[in-house]
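If you want the building blocks of each chain, they are given just below.
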Amino acid sequence: MRKANVALCAVAGLMAAFHTPAHAAPEPGEAGFRAMLKEMVETDSSFDTGSCTAVTEKIAARMKAGGFPEANLHLFVPEGHPKAGALVAVYPGRDPKLKAVLMLGHIDVVNARRADWTRDPFTLIEEGGYFYARGVADMKAQDAIWADNLLRFQAEGYKPLRTIKMALTCGEEGLYLNGAKWLVDNQRDLIDAGIALNEGGYGELDANGKYVDQTFQAAQKVVMNFTLETTNPGGHSSVPRPDNAIYSLARALDELSQYEFPVQFIEANRGYFSRMAKIVGGEEGAAMTAIVANSEDKAASDILNRSPIYHSMLRTTCVATLLSAGHAGNALPQRATATINCRVIPGVPTEEIQATLTKVIADPEVKITAGRTYKPSPPAPVTDAVFGPAQRASASVWPRVPMVPHMATGATDAVTLNAAGIPTYGISGIFRDPDGNGVHGLNERIRVRSVMEARKFLYKLVKSYADQAE
């Protein structure tokens, strides 16, 4: 997958360090966890054919049956949205003055058509060392681990210093009402926390299934949408005129396609490239070191830009995603529009991006308007108290596998919680294959080993944060 210019003995040492460990004995309660994961996955929560409310009701019932106090389970169904149910569970700590630890997860999944899949997308199938099903990787395996954690804590009589909370919400995938925002707006005190753990960070495997690194999502790009619009009086197509709404828009899009935002570092992506330089090695590793030292190093940027992921992690990106133009096949267009989707480095305001688009397009006939955006907010800080417990818990499960800070090029519900003052980080311990495991696509899958190791890791990690005195 990645090349490193090292001697043969060093290669052998590296492979030994990152080699998959021998299969460990099952953790306590694995059978119950598997049953809960199966029920969650097989309860369809896609927008077209499913219901998040059905999932939350089943999880709550399973938790009650497992001995979790009913009084500490809170089911919410927002008015006018009967299928967008959310569940908040509270496990009280010994010191109510200390801020809680929140386990956050979305339970809605992307739509899936049975005719397109090799297997039934809403049946959990274990085959060839993988779990197959819609949502098993994004993100019901982690949701099941969150609920399983609380059941394990309850069964063993664990008395954490801090209160531990779980919020399972709907709408992160963009179709249902967004449950995380609804909870922020309507149940802020109930979900208040000093730290929230969410999806986003995950482990990377190479093509042979060996560990490469585990990412700790410290920041996410901010989504901003803009509309480009050109208008014209139009007329009969048999009498073309030199000004044409489609041509004007096309020229604007061409200018935009050739523009590249400058490299911009924040703590998360600087930390990622600084640490990954040693892991990757070779030409790419040298380029990472160079770009961190000098963000204007074009040669280093050109090397890293060969990877679309690296390219996006280094800078803001804006890309055309939708087009609409004309009103008849035999008429000159009166209007042409394009949607521009930008993924912006955290902390950059909407006005600055709009000003850049205006300068790049440089055509006063093209109207640029800002559409839906998330409220820009600075990323949550990555302190030793935050990163240290994650490193130690990870090392206890995957010795010598490095953990690296990471800035996600996409967005999750962490954007909403961070803006509300709840520091939110993405970490799952679930290792993915290089192809992304079919997340949002066909035949979604995740390694069984990865899920079970993540269950062990997240159990330890939540306890580590819950027992912090400061």
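Cut-offs used in this document
- Residues numbered from 1 in each chain as written.
- Predicted model: local features only at pLDDT ≥ 70, side-chain atom pairs only at ≥ 80, totals over all residues.
- Heavy atoms only, no water.
- Phe/Tyr/Trp six-rings, centres within 6.5 Å; stacked < 30°, edge-to-face > 60°.
- Helix = DSSP H or I, 4+ residues; strand = E, 2+ residues; numbered from the N terminus.
- Buried < 20%, exposed > 50% of the residue type's maximum accessible area, 1.4 Å probe, protein only.
- Lys NZ or Arg CZ within 6 Å of the ring centre and 35° of its normal.
- Contact = heavy atoms within 4.5 Å.
- Polar contact = N/O pair within 3.5 Å; in protein donor to acceptor, adjacent residues only side chain to side chain.
- Disulfide = S-S within 2.5 Å.
- pLDDT = per-residue confidence, 0-100.
- Core = buried A, V, L, I, M, F, W, Y, C linked by side-chain atoms within 4.5 Å.
- Axes fitted to C-alpha atoms, helices over the stretch in contact; angles between N-to-C directions.
- Parallel < 35°, antiparallel > 145°, perpendicular 65-115°, else oblique.
- Left-handed = near helix turned anticlockwise from the far one by under 90°.
- Nonpolar A, V, L, I, M, F, W, Y, C, P; charged D, E, K, R; others polar.
- Salt bridge = Lys/Arg side-chain N within 4 Å of Asp/Glu carboxyl O.
- Pairing = 2+ DSSP bridges.
- Lys, Arg positive; Asp, Glu negative; His and termini not counted.

Engineer: What exactly am I supposed to notice about the packing of aromatic side chains here?
Structural biologist: The relative placement of two aromatic rings is captured by the distance of their centres and the angle of their planes. Evaluated as defined, the whole model comprises 15 aromatic pairs. When the centroid spacing of 5.6 Å and the interplanar angle of 35 degrees are considered together, the rings of Phe153 and Tyr459 count as tilted. Highlighted residues: Phe153 in helix 4 (residues 136–156) and Tyr459 in helix 15 (residues 448–466), separated in sequence by 306 residues. The exposure classification of Phe153 matches that of Tyr459, with both residues buried. Between the aromatic rings of Trp398 and Phe457, the centroid separation amounts to 5.2 Å while the plane-to-plane angle is 55 degrees, which identifies the pairing as tilted. Taken together, the residues Trp398 in the loop between helix 13 (384–397) and strand 16 (403–408) and Phe457 in helix 15 connect sequence positions 59 residues apart. The buried category is assigned to Phe457, whose relative accessible area is 0%. Members of the aromatic cluster, each reached through a chain of ring pairs, are Phe68, Tyr91, Phe153, Tyr158 and Tyr459. When the ring centre of Tyr132 is taken as origin, the NZ or CZ atom of Arg119, which lies over that ring, is 3.7 Å away.

Engineer: Can you walk me through the environment of Glu27 in this structure?
Structural biologist: Mapped onto the elements of the fold, Glu27 is located in the loop between helix 1 (8–18) and helix 2 (30–42). Taking relative accessible area as the criterion, Glu27 reaches 22% and is therefore assigned partly exposed. Along the backbone, Glu27 and Met452 are 425 residues apart, and their C-alpha atoms lie at a distance of 8.1 Å. Residues in contact with Glu27, not counting those within four places in the same chain, are Arg152, Arg455 and Lys456. Only 3.4 Å separates the side chain of Glu27 from the side chain of Arg152, close enough to count as a polar contact.

Engineer: When you look at the state of the cysteines in this model, what are you seeing that I'm missing?
Structural biologist: As enumerated under the stated definition, the model contains two disulfides in all. At a sulfur-sulfur separation of 2.1 Å, the disulfide partner of Cys52 is Cys170. Here the disulfide of Cys52 and Cys170 is right-handed, its torsion about the S-S bond being about 65 degrees. Placement of Cys52 in helix 3 (residues 52–65) and of Cys170 in the loop between strand 6 (164–169) and helix 5 (179–186) is noted, with a sequence separation of 118 residues between them. Take Cys52: its relative accessible area is 0%, and that puts it in the buried class.

Engineer: What's the story with the confidence of the model for the protein in this structure? I'm lost.
Structural biologist: The predicted structure's coordinates, where accompanied by low pLDDT, should not be read in detail. Per-residue pLDDT for the protein averages 92, and the proportion of residues at 70 or more is 94%. Of the regions scoring below 50 in pLDDT, residues 1–22 engages in 38 contacts with residues more than four places distant in sequence or in other chains.

Engineer: Got a minute to help me understand the nonpolar core in this structure?
Structural biologist: Nonpolar side chains in soluble globular proteins tend to be buried together. Core analysis: the largest hydrophobic core is formed by 98 residues, its most contacted members being Met63, Leu150, Met166 and Phe216. In this structure Phe216 touches Val382, Val386, Phe387, Ala390, Met403, Val404, Pro405, His406, Tyr425, Gly426, Ile427 and Tyr465, once residues within four positions along its chain are discounted.

Engineer: Just checking my understanding: could you explain the packing of helix 8 (residues 267–280) against helix 9 (residues 282–293) for this structure?
Structural biologist: Each pair of packed helices can be described by the angle between their axes along with the distance between the axes. Where helix 8 contacts helix 9, the axes come no closer than 8 Å and their chain directions differ by 150 degrees. Here helix 9 runs roughly antiparallel to helix 8, going by the angle between their axes. The interaxial crossing formed by helix 8 with helix 9 has left-handed handedness. Across the interface between the two elements, Arg270, Phe273, Ser274, Met276, Ala277 and Val280 of helix 8 pack against Gly282, Glu284, Gly285, Met288, Thr289 and Val292 of helix 9. Class assignment for the residues of the contact of helix 8 with helix 9 results in six nonpolar, four polar and two charged.

Engineer: I'm lost on the pattern of salt bridges in this one. Help?
Structural biologist: Close approach of charged atoms lets side chains of opposite charge pair. According to the stated counting rule, one finds 22 salt bridges in the structure shown. Arg119 is the salt-bridge partner of Glu127, the closest N and O atoms lying 2.9 Å from each other. Its relative accessible area of 38% is what places Glu127 among the partly exposed residues. Exposure remark for Arg119: the relative accessible area of 16% places this residue in the buried category. Among the ionic pairs, Lys463 bridges to Glu156, the shortest N-O distance being 2.6 Å. Highlighted residues: Lys463 in helix 15 and Glu156 in helix 4, separated in sequence by 307 residues. A network of salt bridges, in which partner residues are shared, links Asp433, Asp435, Arg445 and Arg447.

Engineer: Teacher, can you tell me more about the sheet that holds strand 19 (residues 445–447) here?
Structural biologist: Note on sheets: strands pair through backbone hydrogen bonds, and any given pair is parallel or antiparallel. The antiparallel open sheet is built from three strands, whose spatial order is 4-5-19. In this open sheet, the two strands that pair with only one neighbour each are strand 4 (125–127) and strand 19. Averaged over neighbouring strand pairs, the angle between their axes works out to 25 degrees when direction is ignored. Sheet topology note: the strand 5 (residues 130–132)/strand 19 ladder contains three bridges and is antiparallel. Looking at the pairing, Tyr132 lines up with Arg445 of strand 19. The sheet strands contacting helix 15 are strand 4, strand 5 and strand 19, and the helix crosses strand 19 at an angle near 65 degrees.

Engineer: How should I be thinking about the side chain of Asp44 in this particular structure?
Structural biologist: Topologically, Asp44 is positioned in the loop between helix 2 and helix 3. For the buried Asp44, no salt bridge exists, and the shortest N-O distance to an oppositely charged side chain is 6.3 Å, to Lys140. There is a polar contact of 2.8 Å between the side chain of Asp44 and the side chain of Ser46. Reaching out from Asp44, the side chain makes a polar contact with the side chain of Thr49 at a distance of 2.4 Å. With near-sequence residues (within four places) excluded, Asp44 lies in contact with Thr49, Gly50, Ser51 and Phe122.

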